[in-house]
Amino acid sequence: MDDTDATTPAPEPQPSPESSTPSPGPDKPSYALLDGTVLLALLGTCAGVYYTVGNTGFSAIIGAAAGLYGTWRTRR
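Here the structure is a predicted model, which means the values were calculated and not measured.

1. Comments concerning the overall build of the protein chain
Here's step 1: Across its full length, the protein chain holds 3 helices and 0 strands.
Here's step 2: Out of the 76 residues in the protein chain, the part that is buried amounts to 9%.
Here's step 3: Surface accessibility of the protein chain: about 6,800 Å² in total, with carbon and sulfur atoms responsible for 64%.

The following block contains the structure:
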C-alpha cells in the first residue's frame with residue numbers, strides 16, 4: 001500500500017511577476033525608406049541599361065541587380 005494519499009502534495013511554484021513579462025529588446029533602426037530608395041534606384045538603373053542593351057543582356061542585368069540588392073541587405 002502506498003501512502004501517497006496520506007501526504008499532501010507540494011504546492012505549485014508561483015511564477016514571479018518580473019519573469020512573466022518579457023523585457024523589451026534593443027530598438028533596431030528601421031531602414032524601410034532607405035531600402036525602398038535603393039531598390040528603386042537599382043530598378044531605374046536596370047531599366048536604363050536594359051533600354052540601352054536590349055534583350056541580350058536581360059539575365060545579366062537582373063542577376064547584377066539581385067546581387068547588389070542582396071549585398072545591400074546583408075551588410076546590415
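2. Here's the deal with the confidence of the model for the protein chain
Here's step 1: A residue-level look at the protein chain finds 74% of positions with pLDDT of 70 or above and a mean pLDDT of 75.
Here's step 2: The secondary-structure element of the protein chain with the lowest mean pLDDT is helix α1 (residues 17–20), recorded at 57, while helix α2 (residues 32–53) shows the highest, at 84.

3. Here we look at the environment of Thr74
Here's step 1: Within the fold, Thr74 resides in helix α3 (residues 58–74).
Here's step 2: Residue class for Thr74 comes out exposed when judged on its relative accessible area of 64%.
Here's step 3: Separated by 3.0 Å, the side chain of Thr74 and the backbone oxygen of Gly70 make a polar contact.
Here's step 4: A polar atom in the side chain of Thr74 sits 3.4 Å from the backbone oxygen of Thr71.

4. Description of a nonpolar patch on the surface
Here's step 1: Side chains of Leu39, Leu40 and Leu43 sit close together on the surface and give an oily, nonpolar patch of about 290 Å² of accessible area.
Here's step 2: Residue classification places Leu40 among the exposed positions, given a relative accessible area of 62%.

5. Quick notes on the packing of α2 against α3
Here's step 1: Running from N to C, α2 and α3 point in directions that differ by 165°, and their axes come no closer than 10 Å. It follows from the interaxial angle that α2 and α3 lie roughly antiparallel. Crossing handedness for the pair α2 and α3: right-handed. Residues Leu34, Asp35, Val38, Leu39, Leu42, Cys46, Val49 and Tyr50 of α2 lie in contact with α3, whose contacting residues are Phe58, Ile61, Ala65, Leu68, Tyr69, Trp72 and Arg73.
Here's step 2: A class-by-class count of the residues in the contact of α2 with α3 yields 13 nonpolar, no polar and 2 charged.

6. Details of α2
Here's step 1: For α2, built from 22 residues, the straight-helix expectation of 32 Å at 1.5 Å per residue is met to within 8% by its first-to-last C-alpha distance of 31 Å.
Here's step 2: Among the residues of α2, Asp35, Val38, Leu42 and Cys46 are the ones counted as buried. The arc that holds every buried residue of α2, seen down its axis, measures 70°, which confines them to one face. Exposed and facing more than 90 degrees away from the buried side of α2 are Leu33, Leu40, Tyr51 and Thr52.
Here's step 3: If you follow the buried residues of α2, they end up packed against α3.
Here's step 4: Phi turns positive, to about 95°, at Gly54, one or two residues after α2.

Rules behind the numbers
Residues numbered from 1 in each chain as written. Predicted model: local features only at pLDDT ≥ 70, side-chain atom pairs only at ≥ 80, totals over all residues. Heavy atoms only, no water. Helix = DSSP H or I, 4+ residues; strand = E, 2+ residues; numbered from the N terminus. Buried < 20%, exposed > 50% of the residue type's maximum accessible area, 1.4 Å probe, protein only. Areas by Shrake-Rupley, 256 points an atom, 1.4 Å probe, with all protein chains shown as cover. pLDDT = per-residue confidence, 0-100. Polar contact = N/O pair within 3.5 Å; in protein donor to acceptor, adjacent residues only side chain to side chain. Patch = residues over 30% accessible without salt bridge, like charges linked within 9 Å, V, L, I, M, F, W, Y side chains within 5 Å. Salt bridge = Lys/Arg side-chain N within 4 Å of Asp/Glu carboxyl O. Axes fitted to C-alpha atoms, helices over the stretch in contact; angles between N-to-C directions. Parallel < 35°, antiparallel > 145°, perpendicular 65-115°, else oblique. Left-handed = near helix turned anticlockwise from the far one by under 90°. Contact = heavy atoms within 4.5 Å. Nonpolar A, V, L, I, M, F, W, Y, C, P; charged D, E, K, R; others polar. Expected span 1.5 Å × (residues − 1). Arc of directions from axis to C-beta.

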